[in-house]
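Okay, here's what each chain looks like letter by letter:
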Amino acid sequence: MTQNPISIRRIETDADQKMCFAVRREVFVIEQKIDPEIEFDGLDDECLHYLLVIYKAPMAAARVRILGDEAKIQRVAVRYAARGAGLGLALMRKILDDMREEGMAKAVLSSQTEAIAFYEQLGFVAHGPEYMDAGIPHRDMSLSL
């Protein structure tokens, strides 16, 4: 029996967290040129972190802040070489399944405008005006769980 090369998990170790941070640094700081002080905003210790690996190589990451009965999904990042293969959707589905199991009523996020269609595939609905965050246009989105 062969082992599935893709693993999605809520992280539990410092090594996993370093891999999450490496994915975020590559996508947001290097690729999108976001200031590292904005990307690494001091809230990571308050969040749940998720990591998707393929053959032990980190390919996608995200964090979730629990705010009452809402799960605020943030920092969803898929490495450039891994985009278009459904990894972001798989990561988001795992997060949403976990949040439903934990009794969250709603998932919310701030989507880069160009990524709205991605989140709509998962049932998220955009609302409110477009605004700038870290120099990139965004809109708020939500999903009842």
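Residues numbered from 1 in each chain as written. Predicted model: local features only at pLDDT ≥ 70, side-chain atom pairs only at ≥ 80, totals over all residues. Heavy atoms only, no water.

1. Topic: the nonpolar core
Argument step 1. One finds Ile73, Met92, Ile95, Tyr119 and Phe124 to be the most contacted residues of the largest nonpolar core, which totals 28 residues.
Argument step 2. Of the residues forming this core, the biggest block, seven residues, is contributed by helix α3 (residues 87–101).
Argument step 3. If we skip the residues at most four places from it in the chain, Ile73 touches Arg63, Val64, Met92, Ile95, Leu96, Ala107, Val108, Leu109 and Phe124.
Argument step 4. Judged by nonpolar contacts, the second largest core, of eleven residues, contains Ile11, Ile34, Val53 and Ala61. (Core = buried A, V, L, I, M, F, W, Y, C linked by side-chain atoms within 4.5 Å. Buried < 20%, exposed > 50% of the residue type's maximum accessible area, 1.4 Å probe, protein only. Helix = DSSP H or I, 4+ residues; strand = E, 2+ residues; numbered from the N terminus. Contact = heavy atoms within 4.5 Å.)

2. Digging into the side chain of Ser111
Argument step 1. For Ser111, the location among the structural elements is in strand β5 (residues 106–112).
Argument step 2. Its relative accessible area of 0% is what places Ser111 among the buried residues.
Argument step 3. Of note is the side chain of Ser111, whose polar atom sits 3.5 Å from the backbone nitrogen of Ile116.
Argument step 4. Not counting the four nearest positions on each side in its chain, Ser111 is found in contact with Ile116, Tyr119, Pro137, His138, Arg139 and Met141. (Polar contact = N/O pair within 3.5 Å; in protein donor to acceptor, adjacent residues only side chain to side chain.)

3. So, the packing of aromatic side chains
Argument step 1. Per the counting criterion, the structure on display carries three aromatic pairs.
Argument step 2. Consider the rings of Tyr119 and Phe124, whose centres lie 6.0 Å apart with planes at 75 degrees: the pair is edge-to-face. Across the pair, Phe124 and Tyr119 agree in class, each one buried. (Phe/Tyr/Trp six-rings, centres within 6.5 Å; stacked < 30°, edge-to-face > 60°.)

From the geometry alone we can't say anything about function, so treat these as descriptive.
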